[in-house]
Amino acid sequence: DEELIFKVKPKVDPLGILPASDYSTSLRVSANGVSVTAPDSTNNGSDREFFFWVYTDFYKWSLLSQVGKLALLVNVFADSSFSRRNEYIFRTKEAVRLATAIEYFIEKFMSVMHVRLETMEEDPESNQDNSNSNGNGLQQASADEFGISFTDDFGSTSAPSKVAEIDLLGLDNNESTTILSPSVNRNVVDPFGDDPFGESSSSSLPPPPPTSLPNQALDPFGDDPFGNDDLFGGAPKLSSPTVKVAPALSPAQINQHRLWLFGVLQNGIGPIYDDGTLQVMVKLDIRLSQAKLVFNYRNQSPGTLTDFKIEFIDSNGLIRFEAGPLKDSVPGLGQFQQQLMVECMKPVSPGVRMKILYNDTLSGLRDTSIDLPLFVTTFNEPLTLPAQDFANRWIQAAQNEGQEIVKPL
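Given the structure is predicted, the values throughout are model-derived calculations rather than measurements.

What counts as what
- Residues numbered from 1 in each chain as written.
- Predicted model: local features only at pLDDT ≥ 70, side-chain atom pairs only at ≥ 80, totals over all residues.
- Heavy atoms only, no water.
- Salt bridge = Lys/Arg side-chain N within 4 Å of Asp/Glu carboxyl O.
- Buried < 20%, exposed > 50% of the residue type's maximum accessible area, 1.4 Å probe, protein only.
- Pairing = 2+ DSSP bridges.
- Helix = DSSP H or I, 4+ residues; strand = E, 2+ residues; numbered from the N terminus.
- Axes fitted to C-alpha atoms, helices over the stretch in contact; angles between N-to-C directions.
- Phe/Tyr/Trp six-rings, centres within 6.5 Å; stacked < 30°, edge-to-face > 60°.
- Lys NZ or Arg CZ within 6 Å of the ring centre and 35° of its normal.
- pLDDT = per-residue confidence, 0-100.
- Contact = heavy atoms within 4.5 Å.

K.L.:
Let's hear about the pattern of salt bridges: which residues, and what values?
P.N.:
Scanning the model with the defined rule gives eight salt bridges in all. Ionic pairing is found between Arg97 and Glu94, a salt bridge with its closest N-O pair at 3.6 Å. Of the residues examined, Glu94 reaches a relative accessible area of 36% and is grouped as partly exposed. In this structure, Arg287 and Asp285 form a salt bridge, with 2.9 Å as the shortest nitrogen-oxygen distance. A relative accessible area of 55% means that Arg287 is categorised as exposed. Since its relative accessible area comes to 31%, Asp285 is described here as partly exposed. Among the charged side chains, a network of salt bridges with common partners joins Glu3, Arg28 and Asp47.

This is the structure we're talking about:
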């Protein structure tokens, strides 16, 4: 297959090694994987490969629209443990074509690997050498052997030269088959017995179930007035369905949420939560003892989030609030906003927490909570005073001296 090259602009690079100011970075998509290259200033500006992602490294990918510009979000595994992931955002006008190419090559890769796995199984009693086997005994597979035809982006089709018939059920072996002839001495058929057609032998019949003694006394007022007699053949007991639960947040995600919280307190806007499926951003506006928060909920998964609920937990009565309407489901790659009006009532600690509950069709049930940027210190505003006015107020405050320790976090 022909290699497809896309010029992209990295908008999000967790490692910070790709040039983020231009479209000099290239994504080279081929049947082997995706190569990420960029000009190397230390080597006369020639392209250098910074990453190579095989298709088993991809966790998910999706399209984004940022200020009317298309971009591709790629989430890949960071190492062979498949526990850490890195998220990249590449902006390009061909984001749709790039996502389609990745999906096409992944589907092709998985299909070829599946067929190859089935054709690798050989008969252990056969001593015939396969001319297409390597030193490890693995059968070499190709598109021509499987009869696969692929069409590239220019409409040309490469037809297979030879279609090999693959015996997946093992019906083409040369082993002799023994046909069992029916026995000459047949058993007498009892039309009212357990086997009225005489098809099963006595050796294959299961042992008869134990029967209760005929003279056993029955208790009509006991738990089983019918003497444990199952009149309907023993109906199987139904087991309760298991509920799929999403994995807990990692320590790195919890630490990142705390750093984002400090960023919102300083800048008044930014993300506060991201579990890989749901992302929450907030804009904070403070006016003396009142505040307005606008939350933006975004579903990063192609699956639908159902039973979506948000609860604001204020155990000490720091605020009184009024929350806007909330949707009970979020479609795949969808987003919406919610407004929260707040008024500080008294200086108490700790602050307000937000509980997030939803059920993802892919990852399962999620139930977690995070801190909101609503503390006693959130409602403090600086006051500029001349030196003399400050001194006068300080003298007045000294007459009614008091102290109260409040922990903001």
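K.L.:
Tell me about the sheet that holds strand β16 (residues 353-360), residues and numbers included.
P.N.:
Pairing within the open sheet is antiparallel, and its three strands lie in the order β13-β16-β17. The open sheet has two edge strands, β13 (305-313) and β17 (364-371), and neither has a second partner. Sheet twist, expressed as the mean angle between neighbouring strand axes with direction ignored, is 10°. For β13 and β16, the ladder comprises seven bridges, and the chain directions are antiparallel. From the neighbouring strand, Ile313 faces β16, where its bridge partner is Arg353.

K.L.:
Please give an account of the packing of aromatic side chains that cites residues and values.
P.N.:
For the structure on display, the rule yields 19 aromatic pairs. Between the aromatic rings of Phe77 and Phe82, the centroid separation amounts to 5.0 Å while the plane-to-plane angle is 75°, which identifies the pairing as edge-to-face. For Phe77, a relative accessible area of 16% corresponds to the buried category. Where Tyr88 meets Phe90, the ring centres are 5.9 Å apart and the plane angle is 5°; that geometry is what we call stacked. With respect to burial, Tyr88 and Phe90 carry one shared label: buried. Members of the aromatic cluster, connected to one another through ring pairs, are Phe51, Trp53, Tyr55, Phe58, Trp61, Tyr88, Phe90, Tyr104, Phe105 and Phe109. Stacked on the ring of Tyr59, the Lys or Arg Arg85 has its end atom at 3.9 Å from the ring centre.

K.L.:
So what about the confidence of the model for the protein? Which residues, and what values?
P.N.:
In this model, the protein carries a mean pLDDT of 76, and residues with pLDDT of at least 70 account for 68%. Here residues 123-171 is modelled with pLDDT under 50, and outside its nearest four sequence neighbours on either side it reaches 58 contacts, counting other chains as well. Note on residues 212-216: pLDDT is under 50 here. Beyond four places in sequence and across chains, it has zero contacts.

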